[in-house]
Amino acid sequence: MKAENSILVIFGASGDLTLRKLIPALSHLYQSKLLADKFLILGAGRSDFDDEEFRRKMFDENEFISNGPEDQIPENFRKILYYFRMETSDPKEYKKLKLKLEKLSGTNEIPENYIFYLSTPPNLFETIARGLSQNGLNIQQRGYKRLIIEKPFGFDLESSRKLNKSLHACFEESQIYRIDHYLGKETVQNLLVTRFSNSIFEPLWNRNFIHHVEITAAEDLGVENRAGYYEQSGALRDMIQNHLLNLVGMIAIEPPTDLKAESIRNETIKLFKSFRPFSKKDIKNNIIRGQYLSSQILGKRVNGYREEPNVDKNSRTETYVALKLFIDNWRWADVPFYIRTGKRLPARVTEIVIHFKSTPHYLFTKVNNKIDKDNQLIFRIQPDEGILLKFGIKTPGSGFEVSSVNMDFLYSGHTGSYIPEAYERLLLDGIHGDATLYPRNDAVVKAWELVDPVLKEWETNRSLKVHGYPAGTWGPENADSLLEGKLLTWSYPCKNLTGDGRYCEL
Ligand code: BG6
């Protein structure tokens with residue numbers, strides 16, 4: 001289905017996100033002929049570009065643009081890029097923006113359908129929304145008006161509520177699209193399809209058959225050049241409050257009645273309301289935070305977090321968090337969800353492992369005593385996207401020795417499967433007005449309600465430790481202590497879906 005003709009305005013157009021993600025995604029969509037016949041992109045920002053310079057920077061000099069699915073460089077794409085220089089923080093500039101948009105719509109015969117993408121620091125969200133609404137750029141009489149915003153949606157519970165309030169003073173909730181790029185990942189959406197299109201998994205998807213769920217989002221890179229942001233954020237705000245809780249949503253929600261945005265969002269909020277709040281005792285015992293220390297990786301010294309540029313020498317910002325979460329509802333009562341994320345871990349890998357319960361009476365001998373008795377279903381979100389089922393088979397020969405084997409499905413082997421970038425899917429949905437994959441305000445606030453007491457306790461209780469871990473390892477030494485049962489440890493996934501082992505990436 002083709003979208004209606006429209007104009008996408010990108011605030012923060014000279015920023016990194018626009019260059020690396022937004023323009024490449026839009027270029028792919030253009031090549032795949034998924035954009036409307038008349039679709040324009042207006043970059044807005046402080047840099048002093050004209051249209052041609054903007055086109056050159058975004059298109060000709062953009063190393064992140066690839067040839068795309070149809071393998072043809074879309075020369076015409078650069079012609080739909082325009083630039084408008086403005087001081088975003090100055091309310092008076094929005095009148096000029098409005099005139100510019102009217103002119104572009106008029107000359108190109110595009111209805112006043114405008115999508116405003118705020119790829120700016122969050123302290124500008126309110127100012128931009130106000131500037132737009134004061135100039136009628138929120139009114140939908142002569143075309144739709146949508147606002148897409150990027151995380152962080154607030155810094156804590158109070159500021160997230162305040163942000164919602166100030167956005168709602170300018171735009172209706174139905175006009176606001178909050179991006180969580182994890183929800184745009186093809187493999188994340190596949191969680192819903194795997195669960196709800198197969199009769200073999202869903203009957204087992206509950207506390208009767210699942211022992212625990214493990215979610216890992218590991219990154220091998222450090223904080224890079226983002227200390228200015230990260231020092232204020234830390235891993236709990238940066239990854240868990242949003243991306244990883246939304247992954248929990250996809251694994252744990254009840255079946256929606258249909259695929260409408262509101263049906264899925266209603267199930268999500270129902271689930272988020274069932275998160276068991278962290279008590280002070282839980283914060284002490286069920287949450288581990290860490291920070292990477294300098295070490296040698298493949299013979300090369302890498303910086304510890306405190307040595308990274310612009311990081312406070314005494315920083316207590318966490319670059320690693322592991323926690324145990326419970327969902328107090330009928331389906332998940334007492335099933336622990338172990339969630340872990342960190343920078344400078346051995347590999348960049350995101351995966352979800354569903355650990356099924358052991359058979360009630362295990363009859364067989366385990367080879368080398370190290371075979372998992374439990375079946376595991378692994379969803380590999382990235383890289384080497386796919387699904388893997390681990391189960392036991394008889395080792396050929398006499399007796400009944402059991403070996404664990406893998407049955408795997410890889411997206412890369414799926415004929416013709418091009419996996420679109422998360423931003424492609426989300427931008428296209430936003431252009432079509434489909435908010436299914438965009439978190440609603442109530443879910444964002446609920447997620448803050450869960451993490452806010454942890455942030456406050458970390459801030460005030462100095463006895464809670466920040467554990468060091470050498471860069472390139474799987475996090476603090478005591479991370480396994482979260483997992484219940486003596487034999488349980490975290491999984492150690494490798495880049496390759498079928499590989500695992502504590503040191504496989506080193
Ligand atoms: C961002 C975080 O939202 O997600 C980054 O701010 C993190 O710190 C990134 O590196 C991870 O995204 P992905 O898609 O590379 O897993």
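Look up a bit, the structure's there.
Residues numbered from 1 in each chain as written. Predicted model: local features only at pLDDT ≥ 70, side-chain atom pairs only at ≥ 80, totals over all residues. Heavy atoms only, no water.

Novice: Outline the overall build of the chain, listing residues and values.
Specialist: Regarding its fold elements, the chain presents 12 helices and 18 strands. The C-alpha radius of gyration of the chain comes to 24 Å, within 12% of the 23 Å expected for a compact globule of 506 residues. Projecting the C-alpha coordinates of the chain onto the three principal axes gives extents of approximately 80 × 55 × 50 Å. A total of 506 residues make up the chain; the buried ones form 54% of that total. Taking contacts inside the chain between residues at least 6 apart in sequence as the whole, the part at least 24 apart equals 76%. For the chain, the accessible surface area stands at approximately 23400 Å², while carbon and sulfur atoms represent 51% of it. The distance from the centre of the 68 positive side-chain charges to the centre of the 67 negative ones in the chain is 4 Å. (Helix = DSSP H or I, 4+ residues; strand = E, 2+ residues; numbered from the N terminus. Rg over C-alpha atoms; globule rule 2.2 N^0.38 Å. Buried < 20%, exposed > 50% of the residue type's maximum accessible area, 1.4 Å probe, protein only. Contact = heavy atoms within 4.5 Å. Areas by Shrake-Rupley, 256 points an atom, 1.4 Å probe, with all protein chains shown as cover. Lys, Arg positive; Asp, Glu negative; His and termini not counted. Charge placed at Lys NZ, Arg CZ, Asp CG, Glu CD.)

Novice: Lay out the environment of A169 with the relevant residues and their values.
Specialist: Locating A169 in the fold gives a position in the loop between α6 (157-168) and β6 (176-179). Remark: the alpha-carbon pair of A169 and E126, spanning 43 residues in sequence, is separated by 9.7 Å.

Novice: Go over the sheet that holds strand β3 (residues 81-85) with me, naming the residues and quoting the values.
Specialist: Strands sit in the order β3-β2-β1-β4-β5-β6 across an open sheet of six strands; the sheet is parallel. Sheet topology places β3 and β6 at the edges, where each strand pairs with a single neighbour. Shown here is a sheet whose adjacent strand axes are inclined to one another by a mean of 20°, direction ignored. Across six bridges, strand β1 (residues 6-11) lies against strand β2 (residues 39-45) in parallel orientation. Bridge assignment links I7 to a residue of β2, and that residue is L40. (Pairing = 2+ DSSP bridges. Axes fitted to C-alpha atoms, helices over the stretch in contact; angles between N-to-C directions.)

Novice: Describe helix α7 (residues 186-197), with residues and values.
Specialist: If you check α7, its first and last C-alpha atoms are 16 Å apart, about what 12 residues at 1.5 Å a residue would give, namely 16 Å. Buried within α7 are the following residues: T187, V188, Q189, N190, L191, L192, T194 and R195. Summarising the contacts, the buried residues of α7 are in contact with α8 (227-252), α9 (261-272), β13 (349-356), β15 (376-382), β16 (386-394) and α11 (422-432). (Expected span 1.5 Å × (residues − 1).)

Novice: A description of the environment of Q296 should follow, citing residues and the corresponding values.
Specialist: As for its position among the elements, Q296 is in strand β9 (residues 295-297). On a C-alpha basis, the gap between Q296 and N5 in space is 53 Å, while along the polypeptide they are 291 residues apart.

Novice: Describe the pairing of β1, with residues and values.
Specialist: Most of β1 sits inside the fold, with six of its six residues counted as buried. Viewed along the sheet, the connection from β1 through helix α1 (residues 16-31) into β2 turns out right-handed. Note: β1 against strand β4 (residues 114-118), five bridges, orientation parallel. Opposite F11, over in β4, you have L118 as the bridge partner. (Right-handed = clockwise from strand over helix to strand, strands pointing away.)

Novice: Just give me the short version of the site of the ligand, but keep the residues and values in it.
Specialist: The environment of the ligand is formed by K151, H181, Y182, K185, E219, R226, D238, M239, H243, K343, R348 and Q382. K185 is positioned such that a nitrogen or oxygen atom in its side chain is 2.6 Å from an oxygen atom of the ligand. In isolation the ligand exposes 390 Å². Once the protein is present, 81% of that is buried. If you tally residues by element for the shell around the ligand, the top one is α8, at three residues. Partitioned by chemical class, the residues of the shell around the ligand number two nonpolar, three polar and seven charged. (Near = heavy atom within 4 Å. Polar contact = N/O pair within 3.5 Å; in protein donor to acceptor, adjacent residues only side chain to side chain. Nonpolar A, V, L, I, M, F, W, Y, C, P; charged D, E, K, R; others polar.)

Novice: So, the pattern of salt bridges: which residues are in play, and what are the values?
Specialist: In total, this model carries 37 salt bridges according to the counting rule given. R331 is the salt-bridge partner of E202, the closest N and O atoms lying 2.9 Å from each other. Of the two residues, E202 sits in the loop between α7 and β7 (210-218) while R331 sits in the loop between β11 (320-325) and β12 (337-342), which places them 129 residues apart along the sequence. In the salt-bridge network here, residues are joined through shared partners; they are E52, R55, D60 and R78. (Salt bridge = Lys/Arg side-chain N within 4 Å of Asp/Glu carboxyl O.)

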